[in-house]
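Take a look at the letters that make up each chain.
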Amino acid sequence: MRLPLFRPEALHQPLLLNRGRALTYSEMLYRASQLAKALPDAACCILRSEGLDHFIYGWLAALMRKQTLLLPPSRAAVAVEEIHRQYPDSYCLNAVQNDSIDVPQVASGWLDELTGEQDAVPHAPDTHLAAVVFTSGSTGQPEPNRKCWGDLVRGSRALQSRLGISSRSRILATVPAQHMYGLETSVLAPLLTGASVHAGSLFFPADIHQAIRDFDDPPVLVSTPLHLRALLEAGLEWPPVQMILSATAPLDTDIAEAAEACFQAPVMEVFGCSEAGSFASRRTAREKDWRLYDSVSLRGESGRFYLEAGYLPSPVLLEDHLELTDSRHFRFLGRQQDMIKVAGKRISLAELNKRLLQVPGVRDGVFVWRALEGQRTQRLMALVVAPEIHPDSIRQELLALIDPVFLPRPLLKVDRLPRNLTGKLPRAALDAMLQELGR
């Protein structure tokens, strides 16, 4: 079966909004078709674009050429070169400025000057390998996850149905499309529903504030817990949005409540993984339990959980410690790799991180369970970004939030944590920081 690359009824509707100009689906398709003619004959395309507009042109062009999109865990040159070594019949569609990599490249910046329309919506076989999405590497080496076009379409529709995203929706994403969360919400959601999406690369609160005002109607704001916290602390008077989506890390209830009051909209958390995409949601300010999407189910077996859905080629073993409250709801207790045991007591690193961020004055922080260089025994440490607080004060505050056996030793202050664009901490980058601190 062949499926359209986007909703045909949306051809003359606005897709991309940037700097006050709206680009229709038809105009976007014209640019993608012109780019497709310039792409080399290869099996795979490594997309490294900074802007969402170039990402959408690039993916559609690659699909028109029956190529597979490779989405590296980061846009860093070393990550792109590693993916190329794994997939030698590939090239890089590059829009990153002032950088060079040892991979064949195709530029896409010339698309910005093209004008024209095209009305024939391309289709792709539902069995076509449309993308390989790599995990963030937060628990080790980034792992590839193969995504066929039909599976992506059906999985994305489950998210759209749960969250009520339609052709009338306006989407503003602060997360990159290179990761599964961003791919589902900022690329697949608009393409498959006919919604509009802001094309800007948005990070700073002032830019996001202006982007919200660029829309005629309140948009859906796609963000992360860390970014939401920064927006709330920016001291701006925020215009209302239709809804806020959050993922990539557990969202604190206090942050969710504050965001709902500030943006005058519900805050919805989505739960998922690179292997399966999103599969559950909750309104964090009001709900503790996660509710599965209608099209998926969870099966427990010997303390492990398998996700099953018609759009998944096979059941997905989740790397999460869950508690089923009924057949459609569960509670997240932490990742399997995050569960630690100290003095006979167990807790997840995710829970400790949540408590650490509740300490007044702590801007960012993470608990780490590692053996320092030259030592055999693992110990609980914490890296904290808190310019105005002494480590002893942080420990004292933590005593009211966690059991004393989980106090970090040592607790080290740093200027920043090496988070990626989705707010996650790749293990390799964190290990490099610990090694440097150890020296």
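Anything mentioned here points back to the structure above.
Heads up: these notes are all about the structure in this document. (Residues numbered from 1 in each chain as written. Predicted model: local features only at pLDDT ≥ 70, side-chain atom pairs only at ≥ 80, totals over all residues. Heavy atoms only, no water.)

1. Here we look at the overall build of the chain
- Check the secondary structure of the chain and you find 11 helices and 27 strands.
- Against the 2.2 N^0.38 benchmark of 22 Å for 439 residues, the chain shows a C-alpha radius of gyration of 22 Å, consistent with a compact globule.
- Each principal axis of the C-alpha distribution contributes one length, and for the chain these read about 65 × 45 × 45 Å.
- Residues counted as buried form 54% of the 439 residues belonging to the chain. (Helix = DSSP H or I, 4+ residues; strand = E, 2+ residues; numbered from the N terminus. Rg over C-alpha atoms; globule rule 2.2 N^0.38 Å. Buried < 20%, exposed > 50% of the residue type's maximum accessible area, 1.4 Å probe, protein only.)

2. Description of the pattern of salt bridges
- The full count for this structure, using the stated rule, is 18 salt bridges.
- Here Arg 7 and Glu 9 are joined by a salt bridge, their closest N and O atoms 3.9 Å apart.
- Given the relative accessible area of 32%, Arg 7 is considered partly exposed.
- Judged by relative accessible area, which is 57%, Glu 9 ranks as exposed.
- Here Glu 82 makes a salt bridge to Arg 85, at a shortest N to O gap of 2.9 Å. Taken together, the residues span about one helical turn, with Glu 82 and Arg 85 both in helix H3 (residues 77-86) at a distance of 3 residues.
- Owing to a relative accessible area of 29%, Glu 82 belongs among the partly exposed residues under this scheme.
- What makes Arg 85 exposed here is its relative accessible area of 55%. (Salt bridge = Lys/Arg side-chain N within 4 Å of Asp/Glu carboxyl O.)

3. So, the packing of helix H1 (residues 25-38) against helix H2 (residues 52-64)
- Where H1 contacts H2, the axes come no closer than 8 Å and their chain directions differ by 55°. By the criterion of interaxial angle, the relationship of H1 to H2 is oblique. The element H1 and its partner H2 pack so that their crossing is right-handed. Contact residues: H1 offers Met 28, Leu 29, Arg 31, Ala 32, Ser 33, Leu 35 and Ala 36, while H2 offers Ile 56, Tyr 57, Gly 58, Leu 60, Ala 61 and Met 64.
- Split into classes, the residues belonging to the contact of H1 with H2 amount to 10 nonpolar, 2 polar and 1 charged. (Axes fitted to C-alpha atoms, helices over the stretch in contact; angles between N-to-C directions. Parallel < 35°, antiparallel > 145°, perpendicular 65-115°, else oblique. Left-handed = near helix turned anticlockwise from the far one by under 90°. Contact = heavy atoms within 4.5 Å. Nonpolar A, V, L, I, M, F, W, Y, C, P; charged D, E, K, R; others polar.)

4. Regarding the environment of Leu 251
- The residue Leu 251 is located in the loop between strand E14 (243-246) and helix H8 (253-263) in this model.
- Between the alpha carbons of Leu 251 and Gln 160 there is a distance of 21 Å; along the sequence they are 91 residues apart.
- Beyond its immediate sequence surroundings of up to four residues, Leu 251 is in contact with Pro 225, Leu 228, Ser 246, Ala 256, Val 267, Glu 269, Arg 282 and Thr 284.

5. Topic: helix H4 (residues 149-163)
- Between its first and last C-alpha atoms H4 spans 21 Å; for 15 residues at 1.5 Å apiece the expected length is 21 Å, and the two agree.
- Within H4, 12 of the 15 residues are buried, which leaves it mostly tucked inside the rest of the structure.
- Along H4, the positions that sit buried rather than exposed are Trp 149, Gly 150, Asp 151, Leu 152, Val 153, Gly 155, Ser 156, Ala 158, Leu 159, Gln 160, Arg 162 and Leu 163. (Expected span 1.5 Å × (residues − 1).)

6. Thoughts on the sheet that holds strand E4 (residues 44-48)
- Taken in spatial order, the 6 strands make up an open sheet running E7-E6-E4-E5-E9-E10, and their pairing is mixed. Both outer strands of the open sheet, strand E7 (105-107) and strand E10 (144-148), are each paired with one neighbouring strand and no more. If you compare each strand with its neighbour and ignore which way they point, the axes differ by 25° on average. (Pairing = 2+ DSSP bridges.)

7. Comments concerning the state of the cysteines
- Considering all chains together, one arrives at 0 disulfides under this definition.
- Cys 148 supplies the cysteine sulfur nearest to Cys 273, a cysteine that is in no disulfide, at a spacing of 17 Å.
- Residue class for Cys 273 comes out buried when judged on its relative accessible area of 18%. (Disulfide = S-S within 2.5 Å.)

8. A few points about the sheet that holds strand E18 (residues 296-301)
- Strand order in this open sheet of 3 strands is E18-E19-E20, and the pairing throughout is antiparallel. Every interior strand has two partners, whereas the edge strands, E18 and strand E20 (316-318), have only one. Across this sheet, the average inter-strand angle for adjacent strands is 30°, counted without regard to direction.
- Where E18 and strand E19 (residues 304-309) come together, 6 bridges link them in antiparallel fashion. Among the inter-strand pairings, Ser 297 is bridged to a residue of E19, identified as Glu 308.

9. Overview of the side chain of Thr 174
- Topologically, Thr 174 is positioned in the loop between strand E11 (170-173) and helix H5 (180-193).
- Side chain to side chain, Thr 174 and His 227 meet in a polar contact 3.2 Å long.
- Beyond its immediate stretch of four places on either side in the chain, Thr 174 contacts Leu 202, Ile 208, Leu 221, Val 222, Ser 223 and His 227. (Polar contact = N/O pair within 3.5 Å; in protein donor to acceptor, adjacent residues only side chain to side chain.)

10. Observations regarding the environment of Trp 238
- Relative to the assigned elements, Trp 238 resides in the loop between helix H7 (225-232) and E14.
- Taking the relative accessible area as the measure of exposure, Trp 238 reaches 5% and is therefore buried.
- Expressed as a C-alpha distance, the spacing of Trp 238 and Lys 413, which sit 175 residues apart in the sequence, is 32 Å.
- Excluding residues that lie within four positions of it along the chain, Trp 238 makes contacts with Pro 205, Ile 208, His 209, Ile 212, Leu 231, Cys 262 and Phe 263.
- Among the polar contacts listed, one links the side chain of Trp 238 to the backbone oxygen of Leu 231, at a separation of 3.2 Å.

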